[in-house]
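Survey of secondary and tertiary structure
Take a look at the letters that make up each chain.
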Amino acid sequence: MRIHGRKSDSRRESGFTLIEVLIAMAILGVGLLSIAVAQLTAIKVSSRSKNLQQAMFLAREQMDDLEALPPGAPALQAAGTVDDPGNPMKASNDPEDQQTFNRSVTVAPNVPSAGLAQITVTVVWNAAQGGARQVQLNSVKRMN
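Anyway, here's the lowdown on the structure attached to this text.

Counting through the fold element by element, Thr122 comes out in strand β3 (residues 116-127). In contact with Thr122, other than residues within four places in its own chain, are Asn102, Arg103, Ser104, Gln134, Val135 and Gln136.

Let us now look at the layout of surface pockets. Computed from the structure, the largest pocket encloses a volume of approximately 240 Å³. Forming the boundary of the largest pocket are 15 residues, of which Leu66, Ala75, Val82, Val105 and Val107 lie nearest the centre. For the lining of the largest pocket, the secondary-structure elements that each account for two or more residues are α1 (18-67), α2 (74-77), β1 (80-83) and β2 (102-109). Residue contributions to the lining of the largest pocket peak at four residues, all from β2. Looking at the lining of the largest pocket residue by residue, the class counts come to nine nonpolar, three polar and three charged.

Counting across every chain of the model gives one aromatic pair. Between Phe101 and Trp125 the ring centres are 5.8 Å apart and the planes differ by 55 degrees, which places this aromatic pair in the tilted class. With a gap of 24 residues between them, Phe101 in the loop between β1 and β2 and Trp125 in strand β3 connect regions that are remote in the sequence.

Here the focus is a nonpolar patch on the surface. A grouping of Leu18, Ile19, Leu22, Ile23 and Ile27 is seen on the molecular surface, where their side chains present a nonpolar patch of about 550 Å² in accessible area. Turning to its location among the elements, Leu18 is positioned in helix α1. Note on Leu18: relative accessible area 63%, which makes it exposed.

Attention now moves to the sheet that holds β1. Strand order across the open sheet formed by four strands is β1-β2-β3-β4, with antiparallel pairing between neighbours. Every interior strand has two partners, whereas the edge strands, β1 and β4 (131-142), have only one. Pairwise comparison of adjacent strand axes, ignoring direction, gives a mean angle of 20 degrees for this sheet. Against the sheet, α1 touches β2, β3 and β4, its axis set at about 25 degrees to β4.

Cut-off values and rules
- Residues numbered from 1 in each chain as written.
- Predicted model: local features only at pLDDT ≥ 70, side-chain atom pairs only at ≥ 80, totals over all residues.
- Heavy atoms only, no water.
- Helix = DSSP H or I, 4+ residues; strand = E, 2+ residues; numbered from the N terminus.
- Contact = heavy atoms within 4.5 Å.
- 1 Å grid on protein atoms, 1.4 Å probe; cavity = no way out; pocket = protein on both sides within 12 Å on 5 of 7 lines; lining within 4 Å.
- Points joined across faces, edges and corners; volume = space filled by probe spheres on them.
- Nonpolar A, V, L, I, M, F, W, Y, C, P; charged D, E, K, R; others polar.
- Phe/Tyr/Trp six-rings, centres within 6.5 Å; stacked < 30°, edge-to-face > 60°.
- Patch = residues over 30% accessible without salt bridge, like charges linked within 9 Å, V, L, I, M, F, W, Y side chains within 5 Å.
- Areas by Shrake-Rupley, 256 points an atom, 1.4 Å probe, with all protein chains shown as cover.
- Salt bridge = Lys/Arg side-chain N within 4 Å of Asp/Glu carboxyl O.
- Buried < 20%, exposed > 50% of the residue type's maximum accessible area, 1.4 Å probe, protein only.
- Pairing = 2+ DSSP bridges.
- Axes fitted to C-alpha atoms, helices over the stretch in contact; angles between N-to-C directions.

Written out as structure tokens, the structure reads:
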């Protein structure tokens, strides 16, 4: 004789429990949050690197001009610091890049010895975080 309506004990339930889903969501959330933090850090480092590259370009450009001066040039004879007349300047033509730089040149005649002039080019800019940053290039040139 058959009994109708009897449930089999061997049948298994399929699917996930609510706890399993919540744990999986928590692990996924932590992973995605870690990726977002890494992305923000990469953006900050990229911005710093770009500003440093632009400052180095401006400093090297000025230093190249000064190193091209002939010995005996009046600019190598006068001691002091001169601000670039183009300050504040932009190193990029990108209209979205609002970073500005200030460049100055310091000449010290007869340093480190007689007949030589020490030249220092300084480029300063304000970083979004961390305040003022600067790059300095130094060179020595024969005065006469």
